[in-house]
Amino acid sequence: MSQSQNHDESSLNKLDPNWRNDALDLGLDYGMQTIAVRAGQHRTDEGEHSEPIFTTSSYVYRSAADAAAHFDGTKTGNVYSRHTNPSVRTFERRLAALENGERAVATASGMGAILTMCLAYLKAGDHLLAANQLFGSSIGLFNNYMAKFGVEVSYVDCFDNEAWANAIQPNTKVIYCESPSNPLAQICDLGYLSQLCKANDILLVVDNCFATPALQRPLDLGADVVIHSATKYLDGQGRVLGGALVGSDKLMQEAFTVVRSGGISMSPFNAWVFTKGLETLKLRMQAHCQNANQVAEFLVNHPNVSTVHFSGLSDHSAHELATRQHHMKGGYGAIMGFEVKPSASLDSKAAAWHVIDSTQMVSITNNLGDAKTTITHPATTTHFRLTAEARAEAGVKDGLIRLSVGLEDVEDIIKDLARGLDSL
């Protein structure tokens, strides 16, 4: 008998050992930090403690029949790393557990996750209703490409519940929002939007990138799908690109099919980095939020700052809503926008650039969610491709600065911001 025939054919319909149950029994009442450290791992026969990186493109089968069983679905297991990889699967299962979702699907980037959402849940003739307050690339994807393929797109203010209701059309299939939003950290009433969507048979998709499951679980508030740019806080150190969708098994199977066919795949190495990042997510977000609360208080009291967009401030219009929706006490995220007053010699844009250019420690970059504090001018970076009218609708003014508060000593962050603000 050949080596390829030396196996038990009766095992072909069984679950592949690499797909056995989670090393952590999620049926038990574990806390978020325990889930973040241990969920999703499937130890191999090597008995490794830390999660390995499976840098393989393909997999070996025990026989032709075993290969056929994997391909036709009668046996669940690895097929090809474009859509089945153990390292990616570990990240997906851990993130799904943190979000209280049934399943997650990883993608090559955050924008890849949004594209996957569009391809999975929208078709020509459908209507996508989105918030005005979105990342500029998301708006570009919707306006330039989804509209090109016959999807109607319209926008409303994220905090205007009446506007959401009035904008629904018979062909509305998806409501999409960021909460908190980019770059003004505005908050949507997810409970209201959930009820609105359920009453009209619409999917509610929420970008949870800024809050993360450490602060907010949109699925618990009634959302159908959660979107992540894992590049941001899920990694937390600005190392690699990735994205993810989380939701029910049914909805994620549709997303998985898009990733499988379209190749919008996360690499095993990046998945491993994200998995390790999740271990410290809650701890990092606690520290980010503590720093951000102090920075916001500094900014709101500075004479050269006209407005601070941050729901952690007690007089912010969405403070009460954010307090209800964010389950971490005192956790309002670490992204904020603040508007600089023009001076006698500098207009709003020049004043904002002066503050940015005066920093000596803070990183001038469009990335966010990093251990390092970052600063950018949205009107000329993340949102520069939008028309002036679209920027105005999104609240992106020339004097607006977006700040992602990092994990440095908060006194040093404040001192660095004060260099430019004090000298206006």
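First, a word on what this report is: a plain description of the structure on this page. Bear in mind that the values here come from a model prediction, so they are computed numbers and not experimental data. (Residues numbered from 1 in each chain as written. Predicted model: local features only at pLDDT ≥ 70, side-chain atom pairs only at ≥ 80, totals over all residues. Heavy atoms only, no water.)

**Concerning the overall build of the protein chain**
Counting secondary structure elements, the protein chain contains 15 helices and 12 strands. Computed over C-alpha atoms, the radius of gyration of the protein chain comes to 23 Å, within 12% of the 22 Å expected from 2.2 N^0.38 for 424 residues, which places it in the range of a compact globule. Here the C-alpha coordinates of the protein chain stretch approximately 90 × 50 × 35 Å along the principal axes. The burial tally for the protein chain puts 56% of its 424 residues in the buried class. (Helix = DSSP H or I, 4+ residues; strand = E, 2+ residues; numbered from the N terminus. Rg over C-alpha atoms; globule rule 2.2 N^0.38 Å. Buried < 20%, exposed > 50% of the residue type's maximum accessible area, 1.4 Å probe, protein only.)

**So, the sheet that holds strand β5 (residues 203–207)**
The seven strands are arranged β1-β7-β6-β5-β4-β2-β3 in an open sheet whose pairing can be described as mixed. Edge positions in the sheet fall to β1 (103–107) and β3 (152–156), since each of these pairs with one other strand and no more. On average, each strand axis in the sheet is inclined to that of its neighbour by 20 degrees, with strand direction left out of account. One ladder, built from three bridges, connects β5 with strand β6 (residues 225–229); its direction is parallel. In the sheet register, valine 205 faces β6, and the bridge partner there is valine 225. (Pairing = 2+ DSSP bridges. Axes fitted to C-alpha atoms, helices over the stretch in contact; angles between N-to-C directions.)

**Considering the side chain of glutamate 178**
Its place among the elements puts glutamate 178 in strand β4 (residues 172–178). One buried charged residue, glutamate 178, forms no salt bridge at all, with the nearest opposite charge on arginine 402 at 8.4 Å. From its side chain, glutamate 178 meets the backbone nitrogen of phenylalanine 135 in a polar contact 2.9 Å long. Only 2.9 Å separates the side chain of glutamate 178 from the backbone nitrogen of asparagine 182, close enough to count as a polar contact. Every residue in contact with glutamate 178, bar those within four places of it in the chain, is listed here: Gln133, Leu134, Phe135, Ser138, Gln186, Cys188 and Asp207. (Lys, Arg positive; Asp, Glu negative; His and termini not counted. Salt bridge = Lys/Arg side-chain N within 4 Å of Asp/Glu carboxyl O. Polar contact = N/O pair within 3.5 Å; in protein donor to acceptor, adjacent residues only side chain to side chain. Contact = heavy atoms within 4.5 Å.)

**Regarding the state of the cysteines**
Counted according to the given criterion, the structure contains zero disulfides. Looking at the unpaired cysteine 118, the closest cysteine sulfur is the one in cysteine 177, lying at 14 Å. Given the relative accessible area of 0%, cysteine 118 is considered buried. No disulfide involves cysteine 197; its nearest neighbouring cysteine sulfur is the one of cysteine 177, lying 8.5 Å away. Owing to a relative accessible area of 1%, cysteine 197 belongs among the buried residues under this scheme. (Disulfide = S-S within 2.5 Å.)

**Section: the pattern of salt bridges**
The final tally for this structure, using the stated rule, is 11 salt bridges. A salt bridge links arginine 217 to aspartate 220; the shortest N-O distance between them is 3.9 Å. By sharing partners, the salt bridges in this structure join Glu51, Arg94, Lys276 and Glu279 into a single network.

**Observations concerning the pairing of β4**
Within β4, six of the seven residues are buried, which leaves the element mostly enclosed by the surrounding structure. When strand β2 (residues 127–131) meets β4, the two strands line up parallel, connected through four bridges. By the bridge assignment, histidine 127 is partnered in β4 with threonine 172. Of the crossover connections in this fold, the one passing from β4 over helix α7 (residues 190–199) to the parallel β5 is right-handed. (Right-handed = clockwise from strand over helix to strand, strands pointing away.)

**Details of the sheet that holds strand β11 (residues 374–376)**
Sheet architecture is open: five strands sit in the order β8-β9-β12-β11-β10, paired in mixed fashion. The sheet terminates laterally at β8 (305–309) and β10 (363–364), the two strands that pair on one side only. Strand direction decides the pairing type here: β11 and strand β12 (residues 400–404), joined by three bridges, are antiparallel. From the neighbouring strand, threonine 376 faces β12, where its bridge partner is arginine 402. The strands that helix α11 (residues 281–300) touches are β8, β9 (335–340) and β12; relative to β9, the one it contacts most, it runs at about 10 degrees.

**Things to note about the pairing of β9**
Looking along a regular strand, one sees side chains alternate from face to face of the sheet. Most of β9 is tucked away: six of the six residues are buried. A two-sided burial pattern is seen for β9, the buried positions comprising Ile335, Gly337 and Glu339 on one face and Met336, Phe338 and Val340 on the other. Here four bridges tie β8 to β9, and the two strands are oriented antiparallel to one another. From the neighbouring strand, valine 305 faces β9, where its bridge partner is valine 340.

**Notes on the packing of aromatic side chains**
In this description, a pair of aromatic rings is defined by centroid distance and the angle of the planes. Enumeration over the complete set of coordinates arrives at four aromatic pairs. The interplanar angle of 70 degrees and the centroid separation of 6.3 Å between the aromatic rings of tyrosine 61 and phenylalanine 71 together place this pair among those described as edge-to-face. Taken as a pair, tyrosine 61 in the loop between α1 (32–38) and α2 (64–72) and phenylalanine 71 in helix α2 lie far apart in primary sequence, 10 residues in all. What makes phenylalanine 71 exposed here is its relative accessible area of 59%. Centre to centre, the rings of phenylalanine 269 and tryptophan 272 are 6.2 Å apart; their planes meet at 35 degrees, and the pair counts as tilted. (Phe/Tyr/Trp six-rings, centres within 6.5 Å; stacked < 30°, edge-to-face > 60°.)

**Points about the packing of helix α4 (residues 110–121) against helix α9 (residues 249–262)**
At their nearest, the axes of α4 and α9 sit 9 Å apart, and the two run at 110 degrees to each other. If you check the angle between α4 and α9, you find them roughly perpendicular. Residues Thr116, Leu119, Ala120 and Tyr121 of α4 form the contact with α9, whose participating residues are Leu251, Met252, Glu254, Ala255, Val258 and Val259. The class makeup of the residues in the contact of α4 with α9 is eight nonpolar, one polar and one charged. (Parallel < 35°, antiparallel > 145°, perpendicular 65-115°, else oblique. Nonpolar A, V, L, I, M, F, W, Y, C, P; charged D, E, K, R; others polar.)

**Brief notes about the environment of serine 358**
One can find serine 358 in the loop between α13 (348–357) and β10. For serine 358, a relative accessible area of 19% corresponds to the buried category. Residues serine 358 and isoleucine 139, spaced 219 residues apart in sequence, show a C-alpha to C-alpha distance of 31 Å. When neighbours within four sequence positions are excluded, serine 358 is seen to be in contact with Arg419 and Gly420. Among the polar contacts listed, one links the side chain of serine 358 to the backbone oxygen of histidine 354, at a separation of 2.7 Å.

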